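# Survey of secondary and tertiary structure
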Amino acid sequence: MVLEGLKRYGLASIMWLASLALSMALGPIDRPLFRDVTSELGLSLTTDSACWVDVDNDGWTDLCAAGAVWKNEKGRKFAKIASVGNVVAADFDNDGFADLFSWSQLKLYHNDSGKGFTEVSLPELPSTVSRGACWGDFDGDGFVDLYVGGFEDWDKQITYPDMILMNQKGKGFVLAWQETRFRARGVTACDFDRDADLDVYVSNYRLQPNVLWLNDGTGHFRDATAEFNAIATSPGFEGGHSIGAAWGDFDEDGEFDLFAGNFAHQDDRGDQPKSRFLRNLGKHKGYRFDDLGPCGVFYQESYATPAAGDFDDDGDLDLFFTTVYAPASFNRMNYPVLFRNDGGFKFADATNGSGLEKLPPTYQAAWADFNHDGKLDLVSGGNLFVNQAPEARWIEVGLTGDGRHVNKSAIGAQVRVAVGKRVLTRQVEAGTGEGNQNDLRLHFGLGNYGGKVTLAITWPDGKRHNVFRVRTNRVIDLKYR
């Protein structure tokens, strides 16, 4: 493995005076942290899910939303270049260009070298209504596979099957597994137990338990939810109304935790399970999860899609959480909320003054630094918001597999950045929340840290590589060798 490139994109002009300055500034400020730039950048969006991915390899992440692919023209505007459904993205044939799977249409679109998209035949599939899917190399052959969640038809009382489509080395897919047991919403994958294979977490609805599918390394999964304490429920209930979950190292211990988002009624039907954080206890505790409860994520009835990202560049992962009821439904207020991570699994409402107040009902939430200024921007509620937070140090890491041992999109790779005594951890993932996808390029806020950093990369096949003394305020591109 070698350092492939070191590029500058919009070098921050000044250091942040103190890592806590932004937290202190979240009261009255001269301008909102986020500014709506949807119209001025030429976008026309809906409130459905969103996926960030660079489809033409020009170094600028593009946006798949409102059933379309929007080309990012160097952060200055977007242009619609193709029509697809709601998608998650990864390079299924390892030709160097990210392809699109539409979970809403059950269609696969091949990326024709960034010049367009061609539909690819899939095997005959059972009738399914899906609300989300994720990519991942489940059998370790260097090619990404698909886990597709199956939801329901409530009127007909039909539950649709979850499916796994196994990649035949870029030549097509086979239906390898299906099961009709739960009503799936969001689907997301992570090697949470560090055994060099991707496990899958499925958020299930109708007070059913969420499922942690443990991978044996060959693409065969078993239900290990109870074993790892990952149900995300409360006493008296088998499970919650889960719509989406997000993986992330929320306490900077190097292990991937889970945030499970629960839509929850609180009436004569019962005090249903609230959203909660599941802390990964690490190797010495068998990678079991400790259910910590809401950790400051206050109750709203209609929470839906969570998206984890460091919006204030202080190093820890914050949380944006959407709602899907109209604001005054059932005489309760319901609005998407921006939660700031204050450390120690304590999260605070940072919505006021952020520019994200009173967004409409939406399942859409995805982060990316689309304009290369070192700050994460957000698409949600049918709008694109540019991040105007004070300048801080940062680093962004783009990974590429070799197409033989590791898939070209490097889905499943993990990066840990040493910042003094802190270790910041991110993963390359293709599917989060309910049907959304953050940018494949990994973003690390560094606060006011002015030194050089060390990157520790764990590739999906388990190989590790360290890159020492890397300067900040840069994009680092690395290829597997």
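Residues numbered from 1 in each chain as written. Predicted model: local features only at pLDDT ≥ 70, side-chain atom pairs only at ≥ 80, totals over all residues. Heavy atoms only, no water.

### Some details on the nonpolar core
The biggest cluster of nonpolar side chains holds 69 residues, and the ones touching the most others in it are Leu100, Phe101, Trp135, Leu399 and Leu455. Apart from the residues lying within four places of it in its own chain, the contact partners of Leu100 are Val53, Cys64, Val69, Val84, Val87, Val88, Ala89, Lys107, Leu108, Tyr109 and Phe117. (Core = buried A, V, L, I, M, F, W, Y, C linked by side-chain atoms within 4.5 Å. Buried < 20%, exposed > 50% of the residue type's maximum accessible area, 1.4 Å probe, protein only. Contact = heavy atoms within 4.5 Å.)

### Some remarks on the confidence of the model for the protein
Of the residues in the protein, 93% have a pLDDT of 70 or more, and the chain-wide mean is 92. The low-confidence segment residues 1-29 (pLDDT under 50) makes 74 contacts with residues lying over four places distant or belonging to another chain. (pLDDT = per-residue confidence, 0-100.)

### Points about the packing of aromatic side chains
Here a ring pair, both rings aromatic, is described through the centre-centre distance and the interplanar angle of the planes. On inspection of all chains with the given rule, the structure shows 28 aromatic pairs. With a centroid separation of 5.9 Å and an interplanar angle of 40 degrees, the aromatic rings of Tyr147 and Trp177 are classed as tilted. With a gap of 30 residues between them, Tyr147 in strand E12 (residues 145-148) and Trp177 in strand E16 (residues 173-179) connect regions that are remote in the sequence. Aromatic rings pair up to connect Phe250, Phe259, Phe277, Tyr303, Phe321, Phe345 and Phe347 into one cluster. Of note, Arg131 hangs over the ring of Tyr363, and the distance from its end group to the ring centre comes to 4.8 Å. Directly above the aromatic system of Tyr205 lies the positively charged group of Arg185, at a separation of 4.7 Å from the ring centroid. (Phe/Tyr/Trp six-rings, centres within 6.5 Å; stacked < 30°, edge-to-face > 60°. Helix = DSSP H or I, 4+ residues; strand = E, 2+ residues; numbered from the N terminus. Lys NZ or Arg CZ within 6 Å of the ring centre and 35° of its normal.)

### Digging into empty space enclosed by the protein
The final tally for this structure, using the stated rule, is four cavities of 30 Å³ or more. Taken as a whole, the largest cavity encloses approximately 320 Å³ of empty space. Lining of the largest cavity is provided by 24 residues; of these, Ala308, Arg426, Glu429, Asn438 and Leu442 occupy positions nearest its centre. Within the residue set of the lining of the largest cavity, elements represented by two or more residues are strand E21 (241-248), strand E27 (303-309), strand E31 (365-368), strand E36 (422-427) and strand E37 (442-447). Residues that form the lining of the largest cavity fall into these classes: 10 nonpolar, seven polar and seven charged. (1 Å grid on protein atoms, 1.4 Å probe; cavity = no way out; pocket = protein on both sides within 12 Å on 5 of 7 lines; lining within 4 Å. Points joined across faces, edges and corners; volume = space filled by probe spheres on them. Nonpolar A, V, L, I, M, F, W, Y, C, P; charged D, E, K, R; others polar.)

### A few points about the pairing of strand E19 (residues 211-215)
With respect to burial, E19 is a largely interior element, five of its five residues being buried. Side chains of E19 alternate between two faces, with Val211, Trp213 and Asn215 and Leu212 and Leu214 buried alike. The sheet contact formed by strand E18 (residues 199-204) and E19 spans three bridges and is antiparallel. Within the sheet, the bridge partner assigned to Val200 lies in E19 and is Trp213. (Pairing = 2+ DSSP bridges.)

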